[in-house]
Amino acid sequence: MINTSLADQLFEDIRIICLVLTKPSDHFIKAIHIKSTWGKRCTKLIFASTQEEPVLPAIKFNIPEDRAHLWGKTKAALKYIYENYQGQYDWVYKADDDTFAVMENLRYLLHYSNPSEPVYYGCRLKLRREGLDYMSGGAGYVLSRETLRRFVEKGLPNAMVCKQEDIGNEDVEIGKCLRGVGVHLGDSLDKERKNRFTPVFINEMLVPGVLSEVGWYVEMMTNPYLLGLKCCSDTLISTHYVKPHELYLLEYLIYHVTPFGRAYHPVLEDHISVKRTTEEPIGEVKASSSQRLQRNDFD
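Computed from a predicted model, the values in this text were never measured in an experiment.

S.K.: Is there a simple way to explain the layout of surface pockets in this structure?
M.R.: If you roll a probe as big as a water molecule over the atoms, it shows you where there is empty space left. When its volume is computed, the largest pocket comes out at roughly 2,200 Å³. Residue lining of the largest pocket: 50 residues in total, with Asn105, Asp234, Thr235, Ile254 and Tyr264 positioned closest to the centre. Put simply, the parts of the chain that give the lining of the largest pocket at least two residues each are helix H1 (5-13), helix H4 (103-110), helix H7 (202-206), strand S11 (238-239) and helix H9 (244-255). Residue contributions to the lining of the largest pocket peak at six residues, all from H1. In terms of residue class, the lining of the largest pocket is built from 27 nonpolar, eleven polar and twelve charged.

S.K.: Please explain the pairing of strand S7 (residues 124-127) as it appears in this structure.
M.R.: Here S7 shows a buried face lined by Leu125 and Leu127 and an unburied face lined by Arg124 and Lys126. In the sheet, S7 pairs with strand S8 (residues 132-135) via four bridges, with the strands oriented antiparallel. Residue pairing across strands places arginine 124 opposite methionine 135, the latter belonging to S8. The antiparallel hairpin formed by S7 and S8 contains four residues in its connecting segment, where glycine 131 sits at a positive phi of about 65°.

S.K.: When you look at helix H6 (residues 170-180) in this model, what are you seeing that I'm missing?
M.R.: Residue pairs three or four apart in sequence face the same way in an α-helix, which turns once every 3.6 residues. In terms of residue burial, H6 counts as a mostly covered element, since eight of its eleven residues are buried. Turning to H6, its buried residues are Glu170, Asp171, Val172, Glu173, Ile174, Gly175, Cys177 and Leu178.

S.K.: I keep staring at the packing of helix H2 (residues 27-36) against H9 and nothing clicks. Help me out?
M.R.: Each pair of packed helices can be summarised by the angle the axes make with each other and by the distance between the axes. At their nearest, the axes of H2 and H9 sit 9 Å apart, and the two run at 15° to each other. Overall, the two elements H2 and H9 adopt an arrangement that is roughly parallel. Crossing of H2 against H9: the hand is right-handed. Each of Ile29, Lys30, His33, Ile34 and Ser36 in H2 lies in contact with H9, whose residues at this interface are Pro244, Leu247 and Tyr248. The residue makeup of the contact of H2 with H9, split by class, is five nonpolar, two polar and one charged.

S.K.: Would you mind showing me how to read a nonpolar patch on the surface here?
M.R.: On the surface, a cluster of nonpolar side chains totalling about 460 Å² of accessible area is made up of Leu249, Tyr252, Leu253, Ile254 and Val257. Checked against the element boundaries, leucine 249 lands in helix H9.

S.K.: Help me out: how do you make sense of the state of the cysteines in this one?
M.R.: Linking two cysteines covalently via their sulfur atoms produces the bond known as a disulfide. Counted according to the given criterion, the structure contains two disulfides. The partner cysteine of cysteine 18 in its disulfide is cysteine 42, sulfur to sulfur 2.0 Å. Taking the sign of the S-S torsion, -95° for the link of cysteine 18 and cysteine 42, the bridge is left-handed. Remark: cysteine 42 occurs in the loop between H2 and strand S2 (44-49) and cysteine 18 occurs in strand S1 (residues 16-21); sequence separation between them is 24 residues. For the pair cysteine 18 and cysteine 42, a shared accessibility class is recorded, and that class is buried. Between the sulfur atoms of cysteine 162 and its disulfide partner cysteine 177 the distance amounts to 1.5 Å. On the criterion of sequence distance, the pair formed by cysteine 162 in the loop between helix H5 (145-155) and H6 and cysteine 177 in helix H6 is long-range, its members being 15 residues apart.

S.K.: Sorry if this is basic, but what is going on with the environment of aspartate 171 here?
M.R.: Checked against the element boundaries, aspartate 171 lands in helix H6. Classification of aspartate 171 by relative accessible area gives buried; the value is 17%. Between the C-alpha atom of aspartate 171 and that of serine 136, which follows or precedes it by 35 residues, the distance is 5.9 Å.

S.K.: I'm lost on the side chain of arginine 150 in this one. Help?
M.R.: Inspection of the secondary structure assignment puts arginine 150 in helix H5. Of the polar contacts made by the side chain of arginine 150, one reaches the backbone oxygen of valine 181; its length is 3.0 Å. Residues contacting arginine 150, with those up to four places away along its chain left out, are Pro118, Gly155, Val181, Gly182 and Val183.

S.K.: Got a minute to help me understand the confidence of the model for the chain in this structure?
M.R.: Low-confidence regions, as indicated by low pLDDT, have predicted coordinates that should not be scrutinised in detail. The pLDDT averaged across the chain works out to 87; a share of 88% of its residues lies at or above 70. Scored below 50 in pLDDT, residues 273-299 makes 55 contacts in the model with residues more than four places away or belonging to other chains.

S.K.: Would you take a moment to explain the sheet that holds strand S3 (residues 58-60) for this structure?
M.R.: Adjacent strands of a sheet form backbone hydrogen bonds with each other and so pair up, either parallel or antiparallel. Spatial ordering of the open sheet is given by S3-S2-S1-S4-S9-S6-S10, a layout of seven strands whose pairing is mixed. Of all the strands in the sheet, just S3 and strand S10 (184-185) have a single pairing partner and so form its edges. Against the sheet, H2 engages S1, S2, S3 and strand S4 (91-96), with an angle of about 165° to S2. Against the sheet, H6 makes contact with S1, S4, strand S6 (119-121) and strand S9 (141-144), and its axis sits at roughly 25° relative to S9, the strand it touches most.

Quick notes on the rules
Each chain has its residues counted from 1, following the order in which its sequence is written. Local features in this predicted model are restricted to residues of pLDDT 70 or higher, and side-chain atom pairs are both shown and tallied only at a pLDDT of 80 or more, whereas totals for entire chains, interfaces and linings draw on every residue. Neither water nor hydrogens contribute to the side-chain values; these are computed over all heavy atoms in the structure. Each cavity reported here is a set of points on a 1 Å grid over the protein atoms alone in which a 1.4 Å probe fits but cannot get out, each pocket an open set with protein on both sides within 12 Å along at least five of seven lines, and each lining residue one with an atom within 4 Å of a point. Grid points are joined across faces, edges and corners, and a volume is the space filled by probe spheres set on the points. Strands here mean DSSP runs of E at least two residues long; helices mean DSSP runs of H or I at least four residues long; both are numbered from the N terminus. Residues are sorted three ways: Asp, Glu, Lys and Arg are charged, Ala, Val, Leu, Ile, Met, Phe, Trp, Tyr, Cys and Pro are nonpolar, and all the rest, Gly among them, are polar. Three exposure classes are used, based on accessible area relative to the maximum for each residue type with a 1.4 Å probe and protein chains only: buried under 20%, partly exposed in between, and exposed over 50%. DSSP calls a pair of strands paired once it identifies at least 2 bridges connecting them. Lines fitted to the C-alpha atoms define the axes, with helices restricted to the stretch that makes contact. Angles between their N-to-C directions range from 0 to 180 degrees. Orientation is classified from the angle alone, with under 35 degrees giving roughly parallel, over 145 giving roughly antiparallel, 65 to 115 giving roughly perpendicular, and any other angle giving oblique. Each crossing gets its handedness from the near helix: less than a right angle anticlockwise from the far helix is left-handed, clockwise is right-handed. Throughout, a contact is declared for two residues whenever any of their heavy atoms are within 4.5 Å. Patches here are clusters of residues that have more than 30% relative accessible area and form no salt bridge, with a 9 Å joining cutoff for like charges and a 5 Å cutoff for nonpolar side chains (Val, Leu, Ile, Met, Phe, Trp, Tyr). Each accessible area is a Shrake-Rupley result for a 1.4 Å probe, and residues are judged covered by the shown protein chains and nothing else. Basic side-chain nitrogens of Lys or Arg form a salt bridge, by our definition, when they fall within 4 Å of a carboxyl oxygen of Asp or Glu. The disulfide criterion used throughout: a pair of cysteine sulfur atoms within 2.5 Å. Counted as a polar contact is a pair of N or O atoms within 3.5 Å, where, for protein atoms, one must be capable of donating a hydrogen and the other of accepting one, and residues adjacent in sequence contribute only when both atoms are in side chains. Scored from 0 to 100, pLDDT reflects the predictor's confidence in each residue.

The following block contains the structure:
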């Protein structure tokens, strides 16, 4: 019998709306399988599409359905969440319909952060020609409640900050926009400085011989990296380019396979040393249960 009391506690304490970008042709090829696997561990799961589908549910946004307009779809969907779910979330996790996320590990990361601070987390990449650090869209990024407020209220109306056209690279454009409204990039590396978000499928990092397959990622990433079994954190949060049948493989391996005789007894430290943002020094971030925000602090 596996004791899930700590995960259950974090589920109650940290409310995450998961926003998954999809399209009508993938509603029952990809999106439905996210709902059946990791999506059920979100506080609320919403799919952004160009056609309604109540089974998921998918919300219709009047944006052209192609990769070039993902920026427009993301803007519309985040604004929709802000306008319709005030007071119902601490964080918003944006992912693609070929992402797999371990929500317990995401909540573990967020336990030591304050949703009232302007911060967002993910796999940090660098667009070198523009000198821009931003979070990978495919690996998924998570916005604090304050970050979403700044994005909608201060960023979207300002053409000097956020791109008004709907065409653009979604993760790059939101990185520019959030930088313009004073949002910091959070440090999501674990205690061993290993990556928790991966914008490529995890097996590409585990098997060193396929380095050529992830060359673009290695060139763009800003954090240290290794290949092989030491590539990534034991508290991995996300991986990308996951095929529908692989969602169930990950679900089975993570949540059902338990090596007999090996016990795992996790604890939540009262405080932990982390580098929270790119602009703040490493320090003690205290986040004991008695110090967490109370419900009446929410919008």
